[in-house]
Amino acid sequence: MTAVRQDAWSPDDDLILAEVTLRHIREGSTQLAAFEEVGERIGRTSAACGFRWNSCVRKRYEDAIQIAKQQRQKRNYMKKQTYAATPHVSSLNVMDAEERAYKNDPLTEESLSIDTVIRFLRQWKATYQELNRQIKSLERDLRDREEELLALREINERLSLEVNNAQTDYRAVNDDYKTLIQIMDRARRLTVLTEEEELKPRFKMDANGNLERIE
């Protein structure tokens, strides 16, 4: 029976990860913010969510990702049109990059800051550490499987030797049995011949030349 890991991702976890990440892409946010939101919802680190997305879930949603990117482009285009038509909207440029990320606003060159870069690098460091943890876990599993395979091979060799010995003993016993049957058969035939000879009438000749039966 295959053991189930306690930290295994469930289909519901994957679905939440896909829905939140696609929403962030569609709204012009970053995947980093999506992973943090998912991590808070399902009780995992953002690094683990990022690793799961890039290694597994993303492949199943390629078409949805393209649609979300198209929606993001359309949304950005509409924002630019609104910005051009409404001069007072330019006051929003005073928001720093952290506040924009929190409000799911698109990250632009104006909102890019050293803090955002540091945060991004820390996220990738956490992702790298999570990847190393996953690799070490797989290596441990591989070593366990190799040790289990080695033990099974030793058991197989021992059982094969026992089977060969049993077959050898069986042939010896079978030969002895055949020999015993042959001896018993010869003894039976000798017994029958002896009894037949005893049942045959015997005669002797008397002084007058006559045959006399011997009882």
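Counting of residues starts from 1 at the beginning of each chain's written sequence and follows it residue by residue. With pLDDT at 70 or above as the cut-off, local features in this predicted model cover only qualifying residues; side-chain atom pairs require 80 or more to be listed or tallied, and sums for whole chains, interfaces and linings still use all residues. Side-chain figures throughout are based on the complete set of non-hydrogen atoms in the structure, without hydrogens or water.

(A) Just the overall build of the protein chain, in detail. The number of helices and strands found in the protein chain is six helices and two strands. Burial status follows relative accessibility: with a 1.4 Å probe on protein chains alone, a residue under 20% of its type maximum counts as buried, one over 50% as exposed, and anything between as partly exposed. For the protein chain, the proportion of its 215 residues judged to be buried stands at 20%. Each accessible area is a Shrake-Rupley estimate made with a 1.4 Å probe; only the visible protein chains count as cover when residues are assessed. Counting only carbon and sulfur atoms, one obtains 55% of the accessible surface of the protein chain, whose full area is about 17000 Å². What counts as a helix is a DSSP run of H or I of at least four residues, what counts as a strand is a run of E of at least two, and both are numbered from the N terminus.

(B) Region of interest: the packing of helix α1 (residues 11–26) against helix α2 (residues 31–42). It is at 9 Å that the axes of α1 and α2 come closest, and there the two elements cross at 145 degrees. The crossing of α1 and α2 is right-handed. Two secondary-structure elements touch here, α1 through Asp13, Ile16, Leu17, Val20, Thr21, Arg23, His24 and Ile25 and α2 through Gln31, Ala33, Ala34, Phe35, Glu37, Val38, Arg41 and Ile42. Here the residues of the contact of α1 with α2 sort into nine nonpolar, three polar and four charged. Only C-alpha atoms enter the line fits that serve as axes; for helices the fit covers just the stretch in contact. Angles between N-to-C directions range over 0 to 180 degrees. Should the near helix be turned counterclockwise from the far one by less than a right angle, the crossing is left-handed, whereas a clockwise turn marks it as right-handed. By the convention used here, residues are in contact when the closest approach between their heavy atoms is within 4.5 Å. Just so you know the grouping, Ala, Val, Leu, Ile, Met, Phe, Trp, Tyr, Cys and Pro go in nonpolar, Asp, Glu, Lys and Arg go in charged, and all remaining residues, Gly too, go in polar.

(C) View of the nonpolar core. In this structure, Leu17, Val38, Ile42, Cys49 and Trp53 are the most contacted members of the largest nonpolar core, which totals 16 residues. Secondary structure elements with two or more residues in this core: α1, α2, α3 (46–55) and α4 (62–85). The element best represented in this core is α1, accounting for six residues. For Trp53, the contacting residues outside a window of four places in its chain are Leu17, Ala18, Thr21, Gln31, Phe35, Arg58 and Ile65. As used in this record, nonpolar core signifies buried Ala, Val, Leu, Ile, Met, Phe, Trp, Tyr and Cys residues forming a set joined through side-chain atoms within 4.5 Å.

(D) Summary view of the pattern of salt bridges. Salt bridge, as used here, is a side-chain nitrogen of Lys or Arg placed within 4 Å of a carboxyl oxygen of Asp or Glu. One pass over the full model with this rule turns up eight salt bridges. Residue Asp14 is joined to Arg52 by a salt bridge in which the shortest nitrogen-to-oxygen separation is 2.8 Å. Residue Asp14 is found in helix α1, and its partner Arg52 is found in helix α3; the two are separated by 38 residues along the sequence. In this structure Asp14 comes out as buried when scored by relative accessible area, which is 7%. For Glu162, the salt bridge is made with Arg158, and the minimal N-O distance between the two is 3.5 Å. Taken as a pair, Glu162 and Arg158 lie in helix α6 (residues 114–199) at a separation of four residues, close to a single helical turn.

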